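One-letter residues, chain by chain:
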Amino acid sequence: MHHVYVLPVQAGWLVTTSVLKATLAFRSGAQAEAQGRRLATCLASGGATAWLVIHDRSGTVIERSVYRPVAYSAATAHRETELRPASAPRETIAPRSGPAVETVSADTAFA
C-alpha cells in the first residue's frame, strides 16, 4: 500500500509519496491535486493499493480516497469522491476505465 499526499507550503503545493525519491512542487493547488490523482491511478494500475490524501491551504484534510488495483476493481469500477466539510454534497463519477476509487471517512485511520 502506498500513500500520496497533496500538501500546502508557503510558496505553493507539494505532492509527496514514498515511491518517488523527490517531492514534486507546484504553484497551483489544482496542478498538484491532478498530479496526485495521476500518481495514485498509476500505482493502482501497477497492482498496488494507493491512498490519496488532499489537504487544503489551512492544512485540513479535504479528501481521502483509496485507489484499488485494476484486478480488484473489475466488478466495482466506480469513483466516489467525498469532500469535506461533511455537509458538502457527494459527487460520483464513473471512469471510462482504470482502477476503482473509494472515498473513506476523514476519521479513518491509516494502517
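Preceding this section is the structure that the text describes.
Residues numbered from 1 in each chain as written. Predicted model: local features only at pLDDT ≥ 70, side-chain atom pairs only at ≥ 80, totals over all residues. Heavy atoms only, no water.

### Some details on the overall build of the protein
A count of helices and strands for the protein gives two helices and eight strands. Reading the protein from its N end, one meets helices and strands in the order β-β-β-α-β-β-α-β-β-β. Out of the 111 residues belonging to the protein, those deemed buried represent 35%. Within the protein, residue pairs in contact and separated by at least 24 positions form 43% of the contacts whose partners lie at least 6 positions apart. (Helix = DSSP H or I, 4+ residues; strand = E, 2+ residues; numbered from the N terminus. Buried < 20%, exposed > 50% of the residue type's maximum accessible area, 1.4 Å probe, protein only. Contact = heavy atoms within 4.5 Å.)

### Looking at the pattern of salt bridges
All told, the structure shown has two salt bridges when counted by the stated rule. Residue Arg 37 pairs with Glu 33 through a salt bridge whose shortest N-O separation is 2.8 Å. You can see Arg 37 and its partner Glu 33 sitting in helix α1 (residues 29-45), four residues apart, about one turn around the helix. Residue Arg 37 is classed as buried on the basis of its relative accessible area of 14%. You can call Glu 33 partly exposed: its relative accessible area is 27%. Between Glu 63 and Arg 37 there is a salt bridge, and its shortest N-O distance comes to 2.8 Å. Of the two residues, Glu 63 is situated in strand β5 (residues 61-67) and Arg 37 in helix α1; the sequence distance between them amounts to 26 residues. (Salt bridge = Lys/Arg side-chain N within 4 Å of Asp/Glu carboxyl O.)

### With respect to the pairing of strand β4 (residues 50-55)
Counted residue by residue, β4 has six buried out of six residues, so it is predominantly covered. Side-chain alternation along β4 places Ala 50, Leu 52 and Ile 54 on one buried face and Trp 51, Val 53 and His 55 on a second face that is also buried. The sheet contact formed by strand β1 (residues 2-9) and β4 spans five bridges and is parallel. Residue pairing for β4: Val 4 is matched across the bridge by Leu 52. Here β4 pairs with β5 via six bridges, running antiparallel. What sits directly across from Ile 54, in β5, is Glu 63. The hairpin formed by β4 and β5 contains five residues between the paired strands, and Gly 59 there has a positive phi angle of roughly 95 degrees. (Pairing = 2+ DSSP bridges.)

### Thoughts on the environment of Pro 69
Its place among the elements puts Pro 69 in the loop between β5 and α2 (70-73). Sequence-wise, Pro 69 and Ala 50 are 19 residues apart; in three dimensions their C-alpha atoms are separated by 8.4 Å. When residues no more than four places from it in sequence are discounted, the contact partners of Pro 69 are Ala 44, Gly 47, Ala 48 and Thr 49.

### Description of the nonpolar core
Core analysis: the biggest nonpolar cluster contains 14 residues, and Val 4, Val 6, Val 15, Ala 32, Leu 52 and Tyr 67 have the highest contact counts within it. Listed by contribution, the elements that provide at least two residues to this core are β1, β2 (12-17), α1 and β4. Residue contributions to this core peak at five residues, all from α1. Apart from the residues within four sequence positions on either side, Ala 32 is in contact with Val 6, Trp 13, Val 15 and Phe 26. (Core = buried A, V, L, I, M, F, W, Y, C linked by side-chain atoms within 4.5 Å.)

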